2 protein chains.
Amino acid sequence: MAGPWRGLRRARGWAALAGLRARTDKFGGVSVNLGELRGSPRLERAAFGRWLRESVSQWRDEGRVAVWLHVPILQSSLVAVAASQGFAFHHAEQGSSTLTLWLGEEPSRLPGFATHQLGVAGAVLDERTGKVLVVQDRNKTINAWKFPGGLSNPGEDIGDTAVREVFEETGIKSEFKSILSIRQQHKHPGAFGKSDMYIICRMEPSSFHISFCQHECLRCEWMDLEELARTENATPITSNVAKLLLFGYREGFDRIDITMREFPAVYTGLFYKLYHRELPESYRNMT
Amino acid sequence: MAGPWRGLRRARGWAALAGLRARTDKFGGVSVNLGELRGSPRLERAAFGRWLRESVSQWRDEGRVAVWLHVPILQSSLVAVAASQGFAFHHAEQGSSTLTLWLGEEPSRLPGFATHQLGVAGAVLDERTGKVLVVQDRNKTINAWKFPGGLSNPGEDIGDTAVREVFEETGIKSEFKSILSIRQQHKHPGAFGKSDMYIICRMEPSSFHISFCQHECLRCEWMDLEELARTENATPITSNVAKLLLFGYREGFDRIDITMREFPAVYTGLFYKLYHRELPESYRNMT
């Protein structure tokens, strides 16, 4: 590309950059969305690099502590430019990424991105027969019995994941009753090195005919709960939760249940779910 | 850059690409790490684009269902090239991003990235006095009493987050006793639109002199637990957990506690923590 064109492209780059707005937040940070460049000619990397260097210098002088840069995926060549000036990925999904640069002298106080994936399984107990629904995974080296379950979808409530996963894997319809156990595991290989939270729920079946997913499961059956609690052919967590469920089945589920209540969220107008031990009415209503 | 140089650069680009290894996984996917290009001359975008198009076409013919592309942040201009061929971000952190393209005809079965941030608070109860440790946040429009707490660090256990956050905010040393409640909230503004899991733990103090963080807290005090359970000047979740804690304080903590046990993890040789209701020895040891 010859001189004049190059000059024009640079001029266009600067013009596009002039339209960018830097928004400040109440934590002393500043945020720029490169998506606002959409529709303008593709930015020259060098022009963006100069603009960014000068802007960061100015923000630093103004006492800003952090810079957030939102970048549409098709403009990712600008990510490399920002990285060469010390920016790093905060997170990215689908069509955009977010980079940060901490300007403060003390260690960064920037909040991290999501740290946990959430898996939910359902222990579906048929109280009339004392049998519980178990599966064996296909594609596993050790074919131990476990409760059907899987990863929760974004925005999905714990009980809803249990209902969905139980149905997808086994064809059994069920209803959420309580949480039985919560497991936390870090640096999980199946979670891209992040942490894994795994919750097992107590479920009540409303259908009983098994039609299991051949993709995911090798076997699926209604197994006597006491047999599951005693067998060595089950994952340790399944074995433990089977013992807990057996205790509850014999002595009362109130001994093992972590029950759910729903509350209005203050700011959003939505509801949130709170799980804890059953609280007597007299305490719930005290003021 | 004149003709011959340009040609040479392209040739170098192809040579560098020839060194890339495509690894297959047991789920039918194929994975390429552009970090293996390190040390070789910067790739020309056009050369990479041609290589990627031809490679994807070949993987599709071979019956692969998905492509994973790992890209060092300084090579992010290649992200834009991949995006123009349908790739999207799976996730990114610090110095690299991961993109995916689903090749299957059915809906994508690729696992998502972490969906939850985890916050942990500590309800520190001095059993001798019946007083509990509460704070009011600085920078909040409504200054309601709450339990000290904050986001867990990557790889940090629930109880450890509670101990750390209580100490950082109030100067009080404490020990984890049990989980009291779990709240799940979606599309959380403070979690970059992801879900928030918020756990409140019962803690036992081992020091009593408050020295609170002026950065984060406006007020901090030991408050009578019954007063906290009755006051309107507390967040709804604080109020509920105060009532629960009061119930436990009067009737026995075994009525409210979700206790912790540690187990060896099968594959990693590490330990994981499982939280559930207390299980009698006779059940724990049954075989």
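Residues numbered from 1 in each chain as written. Chains lettered and ligands numbered in written order. Predicted model: local features only at pLDDT ≥ 70, side-chain atom pairs only at ≥ 80, totals over all residues. Heavy atoms only, no water.

Labelled according to an unreviewed UniProt entry, chain A appears under the name Nucleoside diphosphate-linked moiety X motif 6, originating from Taeniopygia guttata. As stated in UniProt under Subunit (unreviewed entry), the record for chain A gives "Monomer and homodimer." Here is the UniProt Sequence similarities (unreviewed entry) comment for chain A, exactly as written: "Belongs to the Nudix hydrolase family." (UniProt positions renumbered as here; feature names shortened; annotations may be inferred.)

How do you make sense of the overall build of chain A when you look at a structure like this?
Helix and strand content of chain A: seven helices and 13 strands. The globule rule puts the C-alpha radius of gyration for 287 residues at 19 Å, and the 27 Å found for chain A is more than 25% above it. Here chain A holds 287 residues, and the buried ones make up 55% of them. Summarising the internal contacts of chain A: among those between residues at least 6 apart in sequence, 61% fall at separations of at least 24. One way to put it: in chain A the 36 positive side-chain charges average out to a point 9 Å from where the 33 negative ones average out. (Helix = DSSP H or I, 4+ residues; strand = E, 2+ residues; numbered from the N terminus. Rg over C-alpha atoms; globule rule 2.2 N^0.38 Å. Buried < 20%, exposed > 50% of the residue type's maximum accessible area, 1.4 Å probe, protein only. Contact = heavy atoms within 4.5 Å. Lys, Arg positive; Asp, Glu negative; His and termini not counted. Charge placed at Lys NZ, Arg CZ, Asp CG, Glu CD.)

Got a minute to help me understand the environment of Ser108(B) in this structure?
Residues and elements named next belong to chain B. Topologically, Ser108 is positioned in the loop between strand E5 (96-102) and strand E6 (116-126). Look at Ser108 and you get partly exposed, because its relative accessible area is 45%. Separated by 42 residues in the primary sequence, Ser108 and Ala66 place their C-alpha atoms 8.6 Å from one another.

For this particular structure, what's the right way to read the pairing of strand E3 (residues 66-72) of chain A?
Two faces, one strand: in a regular strand the side chains alternate between the faces of the sheet. Residue and element names in this part refer to chain A. Of all seven residues in E3, six are buried, a share of seventy percent or more. As judged from the five bridges shared by strand E2 (residues 29-33) and E3, these two strands associate in the parallel manner. Among the inter-strand pairings, Val30 is bridged to a residue of E3, identified as Val67. Of the pairings in the sheet, the one linking E3 to strand E5 (residues 96-102) comprises seven bridges and is antiparallel in character. Residue pairing for E5: Trp68 is matched across the bridge by Thr100. (Pairing = 2+ DSSP bridges.)

Help me understand the domain arrangement of chain A, please; the structure alone is not making it clear to me.
Accessible area lost when the parts come together is the quantity often used to give the size of an interface. When its domains are assigned, chain A resolves into domain 1 (7-102) and domain 2 (116-262). Computed from C-alpha atoms alone, the centre-to-centre distance between domain 1 of chain A and domain 2 of chain A is 46 Å. (Domains from an automatic or database assignment.)

I would appreciate a short explanation of the sheet that holds strand E2 (residues 29-33) of chain B in the present structure.
Consider a sheet: its strands pair through backbone hydrogen bonds, and that pairing is either parallel or antiparallel. All names here are of chain B. On the basis of which strands lie adjacent, the open sheet formed by five strands has the order E1-E2-E3-E5-E4 and mixed pairing. Two strands lie at the open edges of the sheet, namely strand E1 (22-24) and strand E4 (88-93), each paired on one side alone. The average angle at which neighbouring strand axes cross in this sheet is 20 degrees, direction not considered. Note: E1 against E2, three bridges, orientation antiparallel. What sits directly across from Arg23, in E2, is Ser31. (Axes fitted to C-alpha atoms, helices over the stretch in contact; angles between N-to-C directions.)

Where do I start with the UniProt feature "domain: Nudix hydrolase" (unreviewed entry) in chain A in this structure?
Those residues carrying the UniProt feature "domain: Nudix hydrolase" (unreviewed entry) are residues 115-250 of chain A in this numbering. Here residues 115-250 of chain A runs as 25% helix and 38% strand, with 38 Å between its end C-alpha atoms.

Where do I start with the side chain of Lys243(A) in this structure?
Within the secondary structure, Lys243(A) is located in helix H6 (residues 236-251). Buried charge without a salt bridge: Lys243(A), with Glu232(A) as the nearest opposite-charge side chain at an N-O distance of 9.3 Å. The residues touching Lys243(A), leaving out its near neighbours within four places in the chain, are Ala229(A), Leu279(B), Tyr283(B), Arg284(B) and Met286(B). (Salt bridge = Lys/Arg side-chain N within 4 Å of Asp/Glu carboxyl O.)

Help me understand the sheet that holds strand E1 (residues 22-24) of chain A in this model?
Residues and elements named next belong to chain A. Taken together, five strands build an open sheet; the order of strands is E1-E2-E3-E5-E4 and the sheet is mixed. In this open sheet, the two edge strands, each paired with only one partner strand, are E1 and strand E4 (88-93). Along the sheet, successive strands turn relative to each other by an average axial angle of 20 degrees, direction set aside.

Help me out: how do you make sense of the interface of chain A and chain B in this one?
Taken together, the contact pairs 86 residues of chain A with 86 residues of chain B. On the surface where chain A and chain B come into contact, there are two salt bridges. Residue Lys194(B) is joined to Glu93(A) by a salt bridge in which the shortest nitrogen-to-oxygen separation is 3.0 Å. Tallying contributions element by element places H6(A) first for the side of chain A that touches chain B, with nine residues. Its residues assigned to classes, the side of chain A that touches chain B shows 43 nonpolar, 24 polar and 19 charged. As judged from the four bridges shared by strand E13 (residues 271-276) of chain A and strand E9 (residues 174-185) of chain B, these two strands associate in the antiparallel manner. (Nonpolar A, V, L, I, M, F, W, Y, C, P; charged D, E, K, R; others polar.)

Explanation requested: H6(A) in the structure shown.
Each full turn of the α-helix corresponds to 3.6 residues, which orients residues three or four apart in the same direction. Residues and elements named next belong to chain A. The terminal C-alpha atoms of H6, which comprises 16 residues, lie 23 Å apart, in line with the 22 Å expected from a rise of 1.5 Å per residue. A large share of H6 lies buried, amounting to twelve of its 16 residues. When we look at burial in H6, the residues that qualify are Ile237, Thr238, Ser239, Asn240, Val241, Ala242, Lys243, Leu244, Leu245, Leu246, Phe247 and Gly248. Just beyond H6, the residue with positive phi is Gly252, at close to 115 degrees. (Expected span 1.5 Å × (residues − 1).)

What is the right way to look at the packing of aromatic side chains in this model?
In this description, a pair of aromatic rings is defined by centroid distance and the angle of the planes. Counting across every chain of the model gives 17 aromatic pairs over all chains. An angle of 40 degrees between the planes, with centres 5.6 Å apart, marks the rings of Phe192(A) and Trp68(B) as tilted. Pair noted here: Phe192(A) is in the loop between strand E9 (174-185) and strand E10 (195-205) and Trp68(B) is in strand E3 (residues 66-72), and the two residues belong to different chains. On the basis of relative accessibility, which here comes to 27%, the residue Phe192(A) falls in the partly exposed class. Aromatic pair Phe208(A) and Trp222(A): ring centres 6.2 Å apart, planes at 35 degrees, arrangement tilted. One end of the pair, Phe208(A), is in the loop between E10 and strand E11 (217-224); the other, Trp222(A), is in strand E11, with 14 residues separating them in the sequence. For Trp222(A), a relative accessible area of 18% puts it in the buried group. (Phe/Tyr/Trp six-rings, centres within 6.5 Å; stacked < 30°, edge-to-face > 60°.)

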